[in-house]
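# Structure at a glance
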Amino acid sequence: MQLLSNFLKHKKTDPELVELIDTLMLACKEIALQLREGELAGVLGVTENTNVQGETQKKLDVIANEVMKKVLLDNPLVRGVASEEEDDPVFGNPEGRFLVTYDPLDGSSNIDINVSVGTIFSILEVPPGAEPSDSVELFLQPGTQQLAAGYVLYGPSAVLALTTGDGVNMFTLAHTGDFLLTHEDVTVPAETREFAINMSNQRFWEVGMQTYVSDLLAGSEGPRSKNYNMRWVASMVAEVHRILTRGGLFTYPWDSREPNKPGKLRLMYEGNPMSMLIEQAGGLSTTCYERIMEVQPEQIHQRVSVALGSREEVKVLLAYHQKHRTEN
Ligand code: P6P
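Described in the following lines is the structure provided in the data block.

So, how was this worked out
- Residues numbered from 1 in each chain as written.
- Predicted model: local features only at pLDDT ≥ 70, side-chain atom pairs only at ≥ 80, totals over all residues.
- Heavy atoms only, no water.
- Near = heavy atom within 4 Å.
- Polar contact = N/O pair within 3.5 Å; in protein donor to acceptor, adjacent residues only side chain to side chain.
- Areas by Shrake-Rupley, 256 points an atom, 1.4 Å probe, with all protein chains shown as cover.
- Phe/Tyr/Trp six-rings, centres within 6.5 Å; stacked < 30°, edge-to-face > 60°.
- Helix = DSSP H or I, 4+ residues; strand = E, 2+ residues; numbered from the N terminus.
- Buried < 20%, exposed > 50% of the residue type's maximum accessible area, 1.4 Å probe, protein only.
- Salt bridge = Lys/Arg side-chain N within 4 Å of Asp/Glu carboxyl O.

## Quick notes on the site of the ligand
The environment of the ligand is formed by 13 residues, the closest being Asp-106, Asn-198, Met-236, Tyr-252 and Lys-264. In this structure, Tyr-252 approaches the ligand through a side-chain N or O atom, which is 2.6 Å from an oxygen atom. A distance of 3.5 Å is found between an oxygen atom of the ligand and a side-chain nitrogen or oxygen belonging to Glu-270. Expressed as a share of its isolated accessible area of 390 Å², the protein-covered part of the ligand is 84%.

Below, the structure is given as structure tokens:
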């Protein structure tokens, strides 16, 4: 079994990027330990705080965020970090080369019911010729600029899915504390019979999404001429891991509950890193209309509508949306 850092060195990955990824894994190992302890460590349950997203923070949201922030900013390679749990970016070494955005504990509504959660991260570089001042503008780069992206899924086993722009590989956390290569050159099957969406929002979707999902539910008798299965874990990391492992489609579309927001998920530390992984594994990742990684960010906590996964199925979803957009 190959160690993560040796695998990256064999791939001739930029040594400073290897160092940063190792630093990220230090934080994720600490988070994995806290999760494993759960009730025994008194880390379950909620705090009295609400984050910038308007969500009640779980104790482990705060713990995971503090671990990520401390470990990353302690590395002089890091210029700054932007977190789902922080109102504004936090800056470190002014000479640092890298910017890291992250969701420290995605799916945290699942913590108290002991269902899989994960840490999602995206690595950008300080743009050449950038102003020396610390500014959120440094982070506002489209997903195509990402140097690397990944997640650690804290499930029955802790698994890192990582891309540095040369495919997707997965590493499992061993009892020794090492991440060992367990899946090389992961690819998403082009076709699928499995979709993931929160059906309770159906009455709020656009016509294109309502029609598309209704046709999936019609099965072999309907326009799609095949029967589908449905999943909904309410943890994006778990949904994307399933898709990288066996294909599928995951979508959290715009809905009329908050018509001025494009969607629930966040572009900089959910949409973009997951899109890089899915595209590097041969899938598609869209807003239901365009490639997520080409969206130009305007704000650090900007939302985005997401439809990603098996490329042929995502193309069908795009066609439904194009047709109904044209009709409107
Ligand atoms: P809902 C978790 O809070 C998250 O950001 C994603 O991980 C997940 O896919 C989605 O929200 C779940 O949202 O509305 O089904 O609870």
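## Describing the packing of aromatic side chains
Note on aromatic pairs: each is described by the distance of the centres and the angle between the planes. The full count for this structure, using the stated rule, is six aromatic pairs. Aromatic pair Trp-232 and Tyr-252: ring centres 5.9 Å apart, planes at 50°, arrangement tilted. Of the two residues, Trp-232 is situated in the loop between strand S12 (229–231) and helix H5 (236–246) and Tyr-252 in strand S13 (residues 249–252); the sequence distance between them amounts to 20 residues. Residue classification places Trp-232 among the partly exposed residues on the basis of a relative accessible area of 28%. Ring pairing ties together the aromatic residues Trp-232, Phe-250 and Tyr-252, which thus form one cluster.

## Re unusual backbone geometry
Note: most residues except glycine have negative phi, and most peptide bonds are trans. If you check the backbone angles, Asn-114 has positive phi at about 60° while not being a glycine. With respect to the element layout, Asn-114 can be found in the loop between strand S5 (98–106) and strand S6 (117–125). Residue Asn-114 is classed as exposed on the basis of its relative accessible area of 72%. The phi torsion at Ala-234 lies on the positive side, around 65°, for a residue other than glycine. Mapped onto the elements of the fold, Ala-234 is located in the loop between S12 and H5.

## A word on the pattern of salt bridges
Applying the stated criterion across every chain, the model contains 22 salt bridges. Residue Lys-11 is joined to Asp-166 by a salt bridge in which the shortest nitrogen-to-oxygen separation is 3.5 Å. Of this pair, Lys-11 sits in the loop between helix H1 (4–10) and helix H2 (15–37) while Asp-166 sits in the loop between strand S8 (158–163) and strand S9 (168–173); the two residues are 155 residues apart in sequence, bridging distant segments of the chain. Its relative accessible area of 35% is what places Lys-11 among the partly exposed residues. The residue Arg-246 makes a salt bridge to Glu-194 at a minimum N-O spacing of 2.9 Å. One end of the pair, Arg-246, is in helix H5; the other, Glu-194, is in strand S11 (residues 194–196), with 52 residues separating them in the sequence. The exposure class of Glu-194 is buried, given its relative accessible area of 10%. Connected through salt bridges with shared partners, the residues Glu-194, Arg-231, Glu-239, Arg-242 and Arg-246 form a single ionic network.

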